[in-house]
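Chain residues, written in single-letter form:
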Amino acid sequence: MATPKKLSFDALVLGGGIAGLEAALNLAEQDFSVVVVEQDASIGGKMIRLSKVFPTLDCSSCITTPKMAAAAHHPQITILTYCELQTLKRQNGGLVAGIVQKPRYVDAEKCIGCRQCEYQCPVLVPDAEQGGLAARKAAYIPFSNAIPQTALIDTANCILCGRCAKICPTQAVDYFEQPGEFTLTAGAAVIATGFEMIPLKDKVQYGQGQIPNVITALQMERLLAPHGPYNRVLRPYDGMEPDNIAFIQCAGSRDQSLGLGYCSRVCCMYAVKEAMLLSGALPLADITVYYMDIRAFGKGYEQFYQTAQAMGVNFVKGKVAYLDPGENGAVKVRYESQDAAGGVQVAEHDLVVLSLGLVPAWDPQGRCVLSTAGDKFIKTVKPKTSPTLTDLEGVFVAGAAAGPKDIVDSIVEAGAAAMEASRYLTSVSSKQ
Amino acid sequence: MEAAKANGKILILAEDACAYPGADAAGQGHMSYSANTYIMRVKAAVLFPEQFYLDCFHKGIAGIIIMSCGVETPYHGAYEALARRIDRVYALMKQEGLDIRRLRLTAICTVCTRAFIKEVQQMQDLVSQLGPPGSEPAAAAGAA
Amino acid sequence: MAKKKKPEPKTEPTTGGKVGVYVCHCGGNISDAVDVEQVCAQARKIPGVVVARDNMFMCSDPGQEMIIEDLKSGLVDRVVVASCSPSLHETTFRSALARAGANPYVYEQANLREQVSWVHHGPAATSKASRLVAAAAAKAGQLKPLAPLRVEVQPRAAVIGGGVAGLKSALELAQRGQEVILLEKSPFLGGQVAQLDRLAPLGETAARIIGELAAAVLQHPAIKVYTCVQVEGFEGYIGNFKLKVIRRPPGGGEYAAQLSTLSQSGQGLGEFVPFVGLMPASIPETQEDIHLEAGVIILATGMRPYGPRTGEYGYQKFPQVVTLPEFIRLLAAAPPGDTLALEGRPIRGAALIHCVGSRQIPGVHEENEGGYLNEYCSRTCCGASLYAANLLRENYPQTRIFDFYRDIRTYGRGQEELYTQAAHNQAVFFRFEAGEEPQVLENPDPQGPPLLVRVQDVLTFGEEIEVPVDLVVLAVGQEPNPVADLVEKMKIPVAADRFLQEVHPKLRPVEVAVAGIFLAGACQAPFDVGETCAAAGAAAVKAAAILSRGYVELDPFVAEVDLSKCQGAGACVEACLADGALTMVELEVGGQKVKRAQVNPVLCIGCGACVAVCPENAINVQGWTLKQFESMVDMVVSDEYLEGA
């Protein structure tokens, strides 16, 4: 494993999703040197995995790739992918980060991204990038617009047949690669570690992922994406085109039974968006959204919600109590209706999408003395006047790392975090 | 060579912000399409005057696909201006007896690989049916 | 701070026409489908091509060295690399050119991987590759050296608006080492936040928030604050804005109420006064014109609460109907007790009505006085209302709360807890549908409270319910401050919702169509204080990048007029999509005064809309000329270089 050429930076950005990239770009544009540490094999975060984004319905990739490329090509930005942050602490007036480079089993310096290894690899495994609905190889580049375009080998599934090593034109495959450890120093850090969806298995009432044709909203994103697994919207269970699709809102949010009392803030809008895209993809399908409150609070969001209603998406006020398998792959939805009929109702749908809430993707515990709040996201100490300030000097937080947030709010907050960090770096350097 | 000539060449004006990377994505996916296609990277297709399109047909280009960013263009107002221009090109093509289906204005995004392939295939089918530009029977001109 | 020295690109004209073609095998990725040697052989027959070479990996050091040597030896002065997509390696090869001492823009890339070898097979692949190389070479032969445009920047930001957004962005920039001018229309700093008391969801006081920010702003030597000013004149462009500002005493009793509150408070200059703000300097006695120069501008013109129409939910018809900001003020002045008493009147029951002046639907709701509907959600009112409800229930346990809502939007951190807490505090909720808004009526029972709120309650499956109350609080939304004059002068787009319009909510969320002007806070959309401060930081960081560098480097791909061809037809000016980028100017040609087009490269966006309409092809986008494209097409259709190679 090659240690990065440069180990000392003005700023460290933890997380290469949209918030991290935006923060890094804003710092680098002021000529601060920045290192972005990303645990995934590609930068781009959750956003690059989405189909289209609300409320403009822009293609998500078209908005994310320019920022990914700008960061990747910026002379002041160093991107370290497939790296884990082990420790982050203050030392000698700055920050010291212990990093582990996970082995790709492909020499990133030599790999030219030609994918010959991927074509040759005989192993097929479910592709997490496609919500597990399509297959990928054991030697692979994560997705078409990944940055860097560097292959990696999934050793859990590799059968060591040697075909990738044999075909590689640059002899980049190295089955014996070891994890590498190195230390970075920085004057300031921005934590942009984002979110994960609540694991499906946590929700007993909704079948814990065992009921056929109950999928997550992120899987629906893939079904709707122009480069998705099936090229159209089909039920994963039997390949049927669904006529009747339901979205279950607050699946895991505002839900004390999971200990998640908070609102996840994005689920209403992504469900409204997916419902709209679905009505475009399947014009004859009935689409129902079961909700408690529609929280369309951002710029242009309420109008977006009204448009969805005008397009015929059926919004039903009611909390879904539980889901059961129905006949022929259908799903029974039992809910308490607030609408005219009232009471407990049962409806059947061909496909049910769970609008899962958001939980933090990273826990500083054991790595760094940053505090988290009751919601387990990073705690901010001056939420009104310095919303990105944490309780560790020189460390700022941006995006969903500090609580669920949509893309627009994450990007704006990343700008704010970069501002706070650059202001901090200025004050530190003027003291020295 | 002769077969390719008979097929006629297809010129693709691919806007840099969306369609050009979209075509690259089709390449990364090894999605095969016909080789008589020539992609020119452009910043915004609104740059080309009416005459450019006609000249291309005069030079023997059998079909042109403008792969724009649509209204998502980074150049505010450029798509609308482009669409108006293409309407004028259609009128001029009719005057010259060129089948207006030889020129197509589309929007292709950075991951719209299937749409890209579909557009190319449709134009390919069309130009092999129509033959070289100028060979269309007068009656067919302006159809569609 | 580590600074990378960028080599200055050379721009002296090179001789032209000596094109070197470098074809990459990409380790078989290209050469397995394309006969690279044949492509090279055919390339050598292309007019202008002096050398064609191949390499296993052009992007490798030896590959790049090959190009650098040919440039240094003078063999070539234009470069075509035929390899992968330019999105991967255009920057790589441009910097190789720069390392060889050449201009990085005399470079063109032919995409033989993504658009040939990976998608085509057989002889057709090689022939297409050759044609793409020929087209690239034809373009390269005509490329001219270009230099990025450099605009010097006035080392100063002008921030318009002295509310929380303006204060925060001014402070951030100053602490980053930049000079700031802060302009405020009123005599006070603090904006709308100063009109509040405790803020949802955590209860920080407006006094502390504004007091802290304003004190830091006033103490900072790099910030100059002007109050009682109005922007009268605006000109210039990014890096060089000129503002004419008039400072004058407020006329016609404007701010009279605040000024009298201030004088009654006994507080002096620079001290926060609740529901007024902080007055940093005395009111000017005479009018004064001030001329200011700034490199960037931050607009922080803020919002104002929606003012209900007379009679809307009984507003101004019944004295017991107040807006939420009015209620907050009343509450702050109310004496302690078991039951809230306002101006001596006990409030046993209070109704809170949400979405007043927000979420209005065309065809369902009545238009406001200006003939518009506020279709948007105002984002902050749910949290603010529930916070006020909790405060009321906790401080005045005998005052009951009835909350009438459409959707409760307590989305933010700590806000859902407000909702839970309100339920816990026994606030009674009623839910209504759009178009079925509750009615505020006079209570016909003279023994009961003065008002009656009638609603068809969704939560009880549409039952009609009447609630007698002593007070109705309207949770009014946010509207942008009326700044039409200012934004017209600056040519800033306004969205359909009348808030200022960013370029793109995700790509450029705090930028507007005019380069160098940024949006901070509620002038863009409804925000709460935390979100406003985040937006102010985001605007400040964009400004800081420009100011700390001291210059703006703009893309060299802008329009250029060929004066030897321009006849002054003016079509380009009409077609131009960037306001002010093209103008007609008077020039003297051969002793005669003539009109000619002139490009302001700072404003040009390089779209080429002008190119298409010029009857003489006298205007072109540098690096992407029409002639280059025509030559590329010629090479695509030509068979000459393909034969006999």
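Residues numbered from 1 in each chain as written. Chains lettered and ligands numbered in written order. Predicted model: local features only at pLDDT ≥ 70, side-chain atom pairs only at ≥ 80, totals over all residues.

Asks: Before we move on, can you summarise the overall build of chain C with the specific residues and values?
Replies: Across its full length, chain C carries 16 helices and 34 strands. The C-alpha radius of gyration of chain C comes to 33 Å, more than 25% above the 26 Å expected for a compact globule of 645 residues. Taking all 645 residues of chain C together, 54% fall into the buried category. (Helix = DSSP H or I, 4+ residues; strand = E, 2+ residues; numbered from the N terminus. Rg over C-alpha atoms; globule rule 2.2 N^0.38 Å. Buried ≥ 20, exposed ≤ 12 C-beta atoms within 10 Å, placed from the backbone.)

Asks: Pulling in residues and values, what's your account of the interface of chain A and chain B?
Replies: Contacts between chain A and chain B engage 10 residues on the former and 13 residues on the latter. At the level of secondary structure, the elements contributing two or more residues to the side of chain A that touches chain B comprise strand S4 (58-59) and helix H2 (60-73) of chain A. No other element matches H2 of chain A, which puts 3 residues into the side of chain A that touches chain B. Residues belonging to the side of chain A that touches chain B are distributed by class as follows: 3 nonpolar, 6 polar and 1 charged. (Contact = placed C-beta atoms within 7 Å. Nonpolar A, V, L, I, M, F, W, Y, C, P; charged D, E, K, R; others polar.)

Asks: So what about the sheet that holds strand S1 (residues 19-24) of chain C? Which residues, and what values?
Replies: All names here are of chain C. Across the sheet, which stays open at both edges, the 4 strands sit in the order S2-S1-S3-S4 with parallel pairing between neighbours. With partners counted over all chains shown, the strands left at the sheet margins are strand S2 (49-55) and strand S4 (107-111), one partner each. When strand polarity is set aside, the average angle formed by the axes of neighbouring strands in this sheet is 20°. Sitting on the sheet, helix H2 (residues 61-72) is in contact with S1, S2 and strand S3 (78-83), with an inclination near 165° to S2. This element, helix H5 (residues 123-141), spans S1, S2, S3 and S4 of the sheet and lies at about 155° to S3. (Pairing = 2+ DSSP bridges. Axes fitted to C-alpha atoms, helices over the stretch in contact; angles between N-to-C directions.)

Asks: Lay out helix H10 (residues 381-395) of chain C in plain terms, naming residues and giving numbers.
Replies: Residues and elements named next belong to chain C. With 15 residues, H10 should cover 21 Å at 1.5 Å per step; its first-to-last C-alpha distance of 21 Å lies within 8% of that length. For H10, a buried count of 12 out of 15 residues is recorded, marking the element as mostly surrounded by other parts of the structure. Within H10, burial applies to Cys381, Cys382, Gly383, Ala384, Ser385, Leu386, Tyr387, Ala388, Ala389, Asn390, Leu392 and Arg393. If you follow the buried residues of H10, they end up packed against helix H9 (324-333), strand S19 (340-342), strand S21 (349-356), strand S22 (400-405), helix H11 (416-424) and strand S27 (471-476). (Expected span 1.5 Å × (residues − 1).)

Asks: Which residues make up the interface of chain C and chain A, and what are the values?
Replies: Each side of the interface is counted separately: chain C has 60 residues, and chain A has 59 residues. Residue assignment for the side of chain C that touches chain A shows that the elements contributing at least two residues are helix H3 (86-99), helix H6 (164-175), helix H7 (206-219), H11 and helix H13 (529-549) of chain C. Counting residues per element, the side of chain C that touches chain A draws most heavily on H13 of chain C, at 13 residues.

Asks: An account of unusual backbone geometry is requested, with residue identities and associated values reported.
Replies: That bond from Phe54 of chain A to Pro55 of chain A is cis: its omega, -5°, falls within 30 degrees of zero. Mapped onto the fold, Pro55 of chain A is located in the loop between strand S3 (52-53) and S4. The residue after Ile147 of chain A, namely Pro148 of chain A, is reached through a cis peptide bond having omega 0°. On the secondary structure map, Pro148 of chain A appears in the loop between strand S10 (139-140) and strand S11 (152-153). Positive phi outside glycine occurs at Arg254 of chain A, with the angle close to 45°. Checked against the element boundaries, Arg254 of chain A lands in the loop between strand S15 (244-251) and helix H6 (267-281). Unlike most non-glycine residues, Tyr313 of chain C shows phi in positive territory, near 55°. Under the C-beta neighbour-count criterion, Tyr313 of chain C is labelled buried, with 22 such atoms within 10 Å.

Asks: An account of the pairing of strand S1 (residues 8-14) of chain A is needed here, citing residue identities and associated values.
Replies: Along any regular strand the residues' side chains alternate between the sheet's two faces. All names here are of chain A. Burial analysis of S1 places 6 of its 7 residues in the buried class, the great majority of the element. Pairing of S1 with strand S12 (residues 180-191) involves 6 bridges; the strand directions are parallel. Directly across from Phe9, in S12, lies its bridge partner Ala186. Judged from the 4 bridges that link them, S1 and strand S2 (residues 34-37) form a sheet pairing that is parallel. By the bridge assignment for S2, Leu14 is matched with Val37.

Asks: Can you tell me about the sheet that holds strand S6 (residues 156-160) of chain C, naming the residues and giving the values?
Replies: Residue and element names in this part refer to chain C. The strand order across the open sheet built from 5 strands is S10-S7-S6-S16-S29, with neighbouring strands paired in parallel fashion. Bordering the open sheet on either side are strand S10 (223-226) and strand S29 (517-519), each of which pairs with just one other strand. Averaged over all neighbouring strand pairs, the angle between strand axes comes to 20°, with direction disregarded. Most of the contacts of H6 go to strand S7 (residues 179-183), to which it runs at about 165°, and overall it touches S6, S7, S10 and strand S16 (296-299).

Asks: Break down the domain arrangement of chain C for me, with residues and values.
Replies: Examined at the domain level, chain C breaks down into domain 1 (19-147), domain 2 (156-302 + 481-552), domain 3 (312-477) and domain 4 (559-621). On a C-alpha basis, the centroid separation for the pair domain 2 of chain C and domain 4 of chain C is 38 Å. (Domains from an automatic or database assignment.)

Asks: Go over the packing of H5 of chain C against helix H16 (residues 626-637) of chain C, please, and point to the residues and values.
Replies: All names here are of chain C. Following both chains from N to C, one finds H5 and H16 inclined at 150°, their axes separated by 8 Å at the closest point. If you check the angle between H5 and H16, you find them roughly antiparallel. Regarding H5 and H16, the two cross each other, and that crossing is right-handed. Of H16, the residues touching H5 (which contributes Arg131, Ala134, Ala135, Ala138 and Lys139) are Gln628, Ser631, Met632, Asp634, Met635 and Val636. Here the residues of the contact of H5 with H16 sort into 6 nonpolar, 2 polar and 3 charged. (Parallel < 35°, antiparallel > 145°, perpendicular 65-115°, else oblique. Left-handed = near helix turned anticlockwise from the far one by under 90°.)

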